[in-house]
Amino acid sequence: MTSHPGAWVEIDLRALAHNVERIRHLVGPAVRIYAVCKGDGYGCGAGDVAETALKAGADALTVGDLADAAAIRARRINAPILLYGATDPASAAAVAELDLTATLHDVEGLQAFAGLGRPLEAFVKVDCGFGRLGFTPESWPHIFGQIRRAPALHLRGIYTHIGAVDDAASVSRQAALFRQAVREAEAAGFTGLELMASSSRVLLGYADLHLSAVNPGRMLMGMLEGPWAALAQVIPVVRAIKSRLIQVKTVRPDMRIGYGGSTPAAETIRAAIIPMGFAAGLPRVLHGHVLVRGARAPMVGLASMEHLMLDVTTIPGAAVGDEAVVLGRQGDDEITADELSRTTGLELLEIVPRLARGLHRVYLR
Ligand SMILES: *Cc1c(COP(=O)(O)O)cnc(C)c1O
């Protein structure tokens, strides 16, 4: 981290705490909240996201890989951490070393964890129709028995990831299958299991699926879109993505801006350059605006690896050192995450964490 980064992300941990409180309000005091910290906390730092979420009332954490789990444990956080995937046999020892709750989602992983020679807490992940990780229904009668016979495996819960959340009939089919999985587990002798099927939009739209625990990610981070955002009443944790003008100059009509020469300037313009390009996660082709001095500067040319060019012709005072807002407020104007999503053609959940991930982080506490 340098003291004068070319671009940075402002991460609002107070918003994160608010979002946890909002989730608590919706699920009530008895339902456990597993705060999703995967993808390095959606690009905001797994350790900071975990710490803030726990302080605000989350009960446990989830991660998608061992690196994020290690970053959280390095903060001396002892809360339960459920590892979603990564149950490849080779990583079984590391999972136990970090005191994680493993996910059993296939027979190979199950056998690797069972044969580890040390006790391990685990959840079973069942696939009720999403088609990603998880045991499919045909295997349920068999696998719960197999876990029962593995003395090292302490089964603590069952979870699933529900898809097609806008389709109530589909959600209800998936929920019925989940209940069938729970019955299979009970038939094999398991009781008192944590039951979890609510990611953010399930949590918001289907209160009967809160069960014993929920695991919201995008709601925690304030990264919901469309009608779900209005329902959730959460605040974006990525509050701003900013850079600075590092050169401002006149570009004559016979010059071309950037690679490909795809955008010959029709007339003389004032161009400004910011040190943020596709290496920082911006798509090469984009047609949006960046705020400079509270006004909208159109992007011009293709983004290059480390730079993006802006047209500041209509912002007369624009000068080197001016703050350039790629996401967030400046003056009376704002580039919202929804706008950035439209500009880049990427889903909000894809573009915001992707830009946040590589940047210098400024935390607002
Ligand atoms: C990412 C993830 C979630 C959280 O989903 P959101 O829609 O972001 O709330 C829940 N469960 C699993 C298995 C996930 O991978």
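Residues numbered from 1 in each chain as written. Predicted model: local features only at pLDDT ≥ 70, side-chain atom pairs only at ≥ 80, totals over all residues. Heavy atoms only, no water.

All chains considered together, the criterion is met by two cavities of 30 Å³ or more. The space that makes up the largest cavity amounts to roughly 40 Å³. Lining the largest cavity are M221, G222, M223, P236, V237, V238, A337, L348 and V352. Per-class residue counts for the lining of the largest cavity are eight nonpolar, one polar and no charged. Approximately 30 Å³ is the volume found for the second largest cavity. (1 Å grid on protein atoms, 1.4 Å probe; cavity = no way out; pocket = protein on both sides within 12 Å on 5 of 7 lines; lining within 4 Å. Points joined across faces, edges and corners; volume = space filled by probe spheres on them. Nonpolar A, V, L, I, M, F, W, Y, C, P; charged D, E, K, R; others polar.)

Moving on, we get to the site of the ligand. In the region of the ligand, the neighbouring residues are K38, Y42, Y84, K125, R132, H161, S199, S200, N215, P216, G217 and R218. One of the side-chain N or O atoms of Y84 is found 3.3 Å from a nitrogen atom in the ligand. Taking R132, its side chain carries an N or O atom lying 3.3 Å from an oxygen atom of the ligand. Isolated, the ligand exposes 380 Å² of accessible area, and the fraction of that covered by the protein chains is 95%. Judged by the fraction of its atoms near the pocket grid, the ligand is located in the largest pocket. (Near = heavy atom within 4 Å. Polar contact = N/O pair within 3.5 Å; in protein donor to acceptor, adjacent residues only side chain to side chain. Areas by Shrake-Rupley, 256 points an atom, 1.4 Å probe, with all protein chains shown as cover. Sits in = over half its atoms within 2 Å of the grid points.)

Before going further, it helps to examine the pattern of salt bridges. Throughout the structure, instances matching the rule amount to 18 salt bridges. Between R239 and D12 there is a salt bridge, with the nearest N and O atoms lying 3.6 Å from each other. One end of the pair, R239, is in strand 10 (residues 238-244); the other, D12, is in strand 1 (residues 7-12), and 227 residues separate them in sequence. Using a relative accessible area of 45% as the deciding quantity, one classes R239 as partly exposed. One salt bridge connects E51 with R75, and the closest N-O pair in it is separated by 3.6 Å. Within this pair, whereas E51 is found in helix 3 (residues 46-55), its partner R75 is found in the loop between helix 4 (66-73) and strand 4 (81-83), the two being separated by 24 residues in sequence. With a relative accessible area of 25%, E51 lands in the partly exposed category. Overall, R75 belongs to the partly exposed group, its relative accessible area being 34%. One salt-bridge network, in which partners are shared between bridges, spans D48, E51, R75 and R365. (Salt bridge = Lys/Arg side-chain N within 4 Å of Asp/Glu carboxyl O. Helix = DSSP H or I, 4+ residues; strand = E, 2+ residues; numbered from the N terminus. Buried < 20%, exposed > 50% of the residue type's maximum accessible area, 1.4 Å probe, protein only.)

Turning to the nonpolar core, a few remarks are in order. Residues M276 and L310 are the most contacted members of the largest nonpolar core, which totals 120 residues. Counting contributing residues per domain, this core is built from domain 1 (31-222) and domain 2 (238-364), each supplying no fewer than three. For M276, the residues in contact, after removing those within four places along its chain, are A7, I241, S243, L282, E306, H307, L308, V326, L355 and L359. If you look at the next biggest cluster of nonpolar residues, it comprises seven residues, including V251, I269, A271 and V300. (Core = buried A, V, L, I, M, F, W, Y, C linked by side-chain atoms within 4.5 Å. Domains from an automatic or database assignment. Contact = heavy atoms within 4.5 Å.)

The next point concerns the packing of aromatic side chains. The tally for this structure, following the rule as stated, stands at three aromatic pairs. Summarising the aromatic geometry, the rings of Y34 and F123 are spaced 6.1 Å apart at their centres and angled 55° between planes, so their arrangement reads as tilted. A residue pair is termed long-range when its members are at least 10 positions apart, and Y34 in strand 2 (residues 32-36) and F123 in strand 6 (residues 120-125) qualify at 89 residues. Across the pair, exposure class does not vary: Y34 and F123 are buried alike. Look at Y84 and Y159: their rings are 5.8 Å apart centre to centre, the planes differ by 40°, and that puts the pair in the tilted class. (Phe/Tyr/Trp six-rings, centres within 6.5 Å; stacked < 30°, edge-to-face > 60°.)

Bringing the packing of helix 12 (residues 337-344) against helix 13 (residues 348-358) into the picture now. At a closest axis distance of 9 Å, the pairing of helix 12 and helix 13 adopts a crossing angle of 100°. One finds that helix 12 runs roughly perpendicular with respect to helix 13. From helix 12, A337, D338, L340, S341 and T344 reach across to helix 13, where they touch L348, I351, V352 and L355. When grouped by side-chain class, the residues that make up the contact of helix 12 with helix 13 number six nonpolar, two polar and one charged. (Axes fitted to C-alpha atoms, helices over the stretch in contact; angles between N-to-C directions. Parallel < 35°, antiparallel > 145°, perpendicular 65-115°, else oblique.)

Where helix 7 (residues 140-148) contacts helix 8 (residues 168-187), the axes come no closer than 9 Å and their chain directions differ by 40°. Between helix 7 and helix 8, the interaxial angle falls into the category oblique. The way helix 7 lies across helix 8 gives a crossing that is right-handed. Along its contact with helix 7, which presents W140, P141 and F144, the element helix 8 presents L177, Q180, A181, E184 and A185. Among the residues forming the contact of helix 7 with helix 8, the class breakdown is six nonpolar, one polar and one charged. (Left-handed = near helix turned anticlockwise from the far one by under 90°.)

Interpretation note: all reported values are geometric properties and have no functional meaning in isolation.
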